[in-house]
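Single-letter residue listing:
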Amino acid sequence: MTDVTPSRRRVLLGGLAGAIGATTGCLGLDERAVDDGGAGDERVLALSLADGRDALRDRHVVDPESSDPRWDEAAFAAVRADEDYTTQYRKPFFSTPDDPTYAVSEGAYYRLGSVVVNEAAVTRPVLRLFGVEERAADVPDGVAAETLPEGDRRAVEIAHFAARARGNEGGVPIGLVERDGYVYRDDAAIDDSRLLDEDGPTHVRFRDTVYRVETERERFHEPVYRATGERVAESRERMEAILRATFVDARFSREGLSATARDVLAEARHGEYSEPHPFSNAYEEVLRALHAWPYLDGNVRNDAGATPERRTIRYDSRYYDCRLRFESAGGTP
């Protein structure tokens, strides 16, 4: 067996906080071609394990009694009462098939979701901002964004992303910017708005930039969602078993690993462990335990990019977010 030596491994600076901050999940590689260890390739495969916890319920189960879920509380009440409840445009819960939402109420656990049951046509105001390139004498200073009502402040902040992105690389926040601006969907924000008034300000100042204000009322076709929910467990133990079956990709313990493989995992838990390809026997042992087969099948160049976006592992009865990616020897992806 090839031992792990200091020349073949490296603990990167930044520690566990850096690993948590880059949670794209285990095997979260970018799509650039990965060299398989040819001459001159200085990239290494870095592994980090973060956020060790004893139970998955802490992350995946919402308890509305102890936290603010920021969803439609009436929808959850309707699910528990087996009543129909619909929302327009926005899903009642933050739930997708790949990342379901679970909640607990009075000892019962529910899996929450929604289905589209209709379509609604509606006219909504849209705010767009346009930068003033040259400050001519007849261009107003613009009303300060911080003096506007809360709904307008949010609209300006989001619309400025679209204005800033025109003609520039970098894009805009997906899910916030719509139709090259901001769409008002809250009735209270519309009623309180100054920017939507016929005699509202023509220019607004945000972050030391003056923008020309343009508003239009446009037609939208929005989905209508019906809240869904199913009672899936009556105990914490059963709910934990459901979450393990849903989210855990690999399970192993210290007893099943060599001492050198345990050393690799110890460094990954306290920061980051990395090696160049070809990997040591100890690192390959860890990759097998993680079921990271694209790095072990002899075709690392082509297969290492075809990986899931997120992985959770269980190691010695604790759960970890696992991150595994190629990066340069200097620590840059």
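Residues numbered from 1 in each chain as written. Predicted model: local features only at pLDDT ≥ 70, side-chain atom pairs only at ≥ 80, totals over all residues. Heavy atoms only, no water.

Peer 1: Describe the layout of surface pockets, listing the residues and the values that go with them.
Peer 2: In this structure, the largest pocket spans a volume of roughly 370 Å³. There is about 280 Å³ of room inside the second largest pocket. Every residue lining the second largest pocket is listed: Arg90, Glu150, Gly151, Arg154, Tyr182, Arg185, Asp186, Asp187 and Ala189. With 3 residues, the single largest contributor to the lining of the second largest pocket is helix α4 (residues 150–165). (1 Å grid on protein atoms, 1.4 Å probe; cavity = no way out; pocket = protein on both sides within 12 Å on 5 of 7 lines; lining within 4 Å. Points joined across faces, edges and corners; volume = space filled by probe spheres on them. Helix = DSSP H or I, 4+ residues; strand = E, 2+ residues; numbered from the N terminus.)

Peer 1: Give a detailed account of the environment of Arg154, specifying residues and quantitative values.
Peer 2: For Arg154, the position within the fold is in helix α4. Residues contacting Arg154, with those up to four places away along its chain left out, are Leu176 and Tyr182. (Contact = heavy atoms within 4.5 Å.)

Peer 1: Can you lay out the side chain of Glu218 for me, pointing to particular residues and giving the numbers?
Peer 2: Within the secondary structure, Glu218 sits in strand β9 (residues 209–233). Only 2.8 Å separates the side chain of Glu218 from the side chain of Arg128, close enough to count as a polar contact. (Polar contact = N/O pair within 3.5 Å; in protein donor to acceptor, adjacent residues only side chain to side chain.)

Peer 1: Describe α4, and please don't skip the residues or the numbers.
Peer 2: An ideal rise of 1.5 Å per residue puts 22 Å on 16 residues; α4 measures up with 23 Å between its terminal C-alpha atoms. Those residues of α4 that fall on the buried side of the exposure criterion are Asp152, Ala155, Val156, Ile158, Ala159, His160, Phe161, Ala162, Ala163 and Ala165. On its buried face, α4 is in contact with β5 (108–131), β7 (182–183), β8 (203–206) and β9. (Expected span 1.5 Å × (residues − 1). Buried < 20%, exposed > 50% of the residue type's maximum accessible area, 1.4 Å probe, protein only.)

Peer 1: Give a description of the packing of helix α7 (residues 259–269) against helix α8 (residues 281–289) that names residues and reports values.
Peer 2: Viewed as axis vectors pointing N to C, α7 and α8 meet at an angle of 70°, and their least axial separation amounts to 8 Å. For the element pair α7 / α8, the angle class is roughly perpendicular. Only Ala282, Tyr283, Glu285 and Val286 of α8 make contact with α7, whose side of the interface consists of Thr260, Ala261, Val264 and Leu265. Its residues assigned to classes, the contact of α7 with α8 comprises 6 nonpolar, 1 polar and 1 charged. (Axes fitted to C-alpha atoms, helices over the stretch in contact; angles between N-to-C directions. Parallel < 35°, antiparallel > 145°, perpendicular 65-115°, else oblique. Nonpolar A, V, L, I, M, F, W, Y, C, P; charged D, E, K, R; others polar.)

Peer 1: I'd like a rundown of the environment of Glu255, residues and numbers included.
Peer 2: Assignment of secondary structure puts Glu255 in the loop between β10 (248–252) and α7. For Glu255, a relative accessible area of 68% gives the class exposed. Sequence spacing of Glu255 and Asp316 is 61 residues, and the spatial spacing of their C-alpha atoms is 8.9 Å.

Peer 1: Run through the confidence of the model for the protein, naming residues and quoting values.
Peer 2: For the protein, mean pLDDT is 82; residues scoring 70 or higher make up 80% of the total. Ranking the elements of the protein by mean pLDDT puts helix α1 (residues 15–21) last, at 35, and β7 first, at 96. (pLDDT = per-residue confidence, 0-100.)

Peer 1: Talk me through the environment of Gly107; I want residue IDs and the actual numbers.
Peer 2: Locating Gly107 in the fold gives a position in the loop between β4 (101–105) and β5. Residue class for Gly107 comes out partly exposed when judged on its relative accessible area of 38%. Separated by 129 residues in sequence, Gly107 and Arg236 have C-alpha atoms that sit 8.2 Å apart. Excluding residues that lie within four positions of it along the chain, Gly107 makes contacts with Ala233, Glu234 and Ser235.

Peer 1: Hey, could you go over the packing of aromatic side chains for me, with residue numbers and the actual values?
Peer 2: Tallying each qualifying case throughout the model produces 8 aromatic pairs. With a centroid separation of 5.3 Å and an interplanar angle of 80°, the aromatic rings of Tyr182 and Tyr184 are classed as edge-to-face. Grouping residues by exposure puts Tyr182 and Tyr184 together as buried. Put simply, the rings of Trp71, Phe76, Phe93 and Tyr110 pair up and form one aromatic cluster. In this arrangement the basic side chain of Arg179 is found over the ring face of Phe220, its NZ or CZ atom lying 3.7 Å from the centre. (Phe/Tyr/Trp six-rings, centres within 6.5 Å; stacked < 30°, edge-to-face > 60°. Lys NZ or Arg CZ within 6 Å of the ring centre and 35° of its normal.)

Peer 1: Describe the pattern of salt bridges, listing the residues and the values that go with them.
Peer 2: Going through the model one piece at a time under the given rule, you end up with 12 salt bridges. Across the salt bridge formed by Arg57 and Glu240, the nearest N and O atoms sit 3.0 Å from each other. Residue Arg57 is found in helix α2 (residues 57–60), and its partner Glu240 is found in helix α6 (residues 236–247); the two are separated by 183 residues along the sequence. In this structure Arg57 comes out as partly exposed when scored by relative accessible area, which is 22%. Salt-bridge contacts for Arg124 lead to Glu222; the nearest nitrogen and oxygen are separated by 2.8 Å. Pair noted here: Arg124 is in strand β5 and Glu222 is in strand β9, with a separation of 98 residues, a long-range link. (Salt bridge = Lys/Arg side-chain N within 4 Å of Asp/Glu carboxyl O.)

Peer 1: How would you summarise the nonpolar core if you had to cite specific residues and measurements?
Peer 2: Core analysis: the biggest nonpolar cluster contains 26 residues, and Leu47, Phe252 and Tyr283 have the highest contact counts within it. When contributions to this core are tallied by element, the ones reaching two or more residues are β1 (44–53), β10, α7, α8, β12 (312–315) and β13 (318–327). Setting aside residues no more than four positions away along its own chain, Leu47 makes contact with Val264, Leu265, Ala268, Glu272, Tyr273, Tyr283, Val286, Leu290, Cys322, Arg323 and Leu324. With 21 residues, the next largest nonpolar core counts Leu129, Leu148, Tyr184 and Val204 among its residues. (Core = buried A, V, L, I, M, F, W, Y, C linked by side-chain atoms within 4.5 Å.)

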